Amino acid sequence: MDLNGLFVRNMKKWRKIRGISQKILAERCGAAHTYIRQIESGRRTPSFAFIVKLAEAMDIEAWLLFYDETAARNKKPAQMEYLEAIKSEILAQVASGIDTVIMEAQK
């Protein structure tokens with residue numbers, strides 16, 4: 001599965017686990033519910049900053065939106081270390097995106 005497909009699947013999964021409608025999620029993120037629908041249908045791709053908003057609105061860590069449970073269950077320990085490295089890279093990129101948004105907002 002491609003990364004965007006994985007993201008969409010996990011976004012839907014976590015939204016449903018949290019019992020949040022698309023409309024409520026949109027309100028929590030300050031977006032239109034149609035934008036959330038477009039993201040979940042794969043027609044739109046959110047920015048890193050918006051991914052962080054989505055995660056916060058669902059009370060999860062952003063990296064969980066990119067975590068492949070199925071693949072992780074079938075991995076050997078060395079592969080799990082690799083997945084942890086990817087997780088760290090994603091978190092670093094999200095942090096960098098947040099820093100950029102903060103710097104832009106302070107201008």
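The structure we're discussing is the one just above.
Nothing here was measured: the structure is a model prediction, and the numbers come from that model.

1. Points about the nonpolar core
- Of all hydrophobic cores here, the largest spans 26 residues; its most connected members are F7, M11, L25, L54, M58 and L65.
- Elements supplying a minimum of two residues to this core: helix 1 (3-17), helix 2 (22-29), helix 3 (33-40), helix 4 (48-57) and helix 6 (77-106).
- Element by element, the count of residues in this core is highest for helix 4, at six residues.

2. Digging into the pattern of salt bridges
- According to the stated counting rule, one finds four salt bridges in the structure shown.
- When the shortest N-O distance is used, the salt bridge between E40 and R15 registers 2.6 Å. Taken together, the residues E40 in helix 3 and R15 in helix 1 connect sequence positions 25 residues apart. An identical accessibility class is assigned to E40 and R15; each is buried.
- In this structure, K107 engages E104 in a salt bridge whose closest nitrogen and oxygen atoms are separated by 3.2 Å.

3. Focus on unusual backbone geometry
- A positive phi angle, close to 55°, is found at D59, a residue other than glycine.
- When you line up the elements, D59 lands in the loop between helix 4 and helix 5 (69-73).
- Classification of D59 by relative accessible area gives exposed; the value is 62%.

Reading guide: rules and limits
- Residues numbered from 1 in each chain as written.
- Predicted model: local features only at pLDDT ≥ 70, side-chain atom pairs only at ≥ 80, totals over all residues.
- Heavy atoms only, no water.
- Core = buried A, V, L, I, M, F, W, Y, C linked by side-chain atoms within 4.5 Å.
- Buried < 20%, exposed > 50% of the residue type's maximum accessible area, 1.4 Å probe, protein only.
- Helix = DSSP H or I, 4+ residues; strand = E, 2+ residues; numbered from the N terminus.
- Salt bridge = Lys/Arg side-chain N within 4 Å of Asp/Glu carboxyl O.

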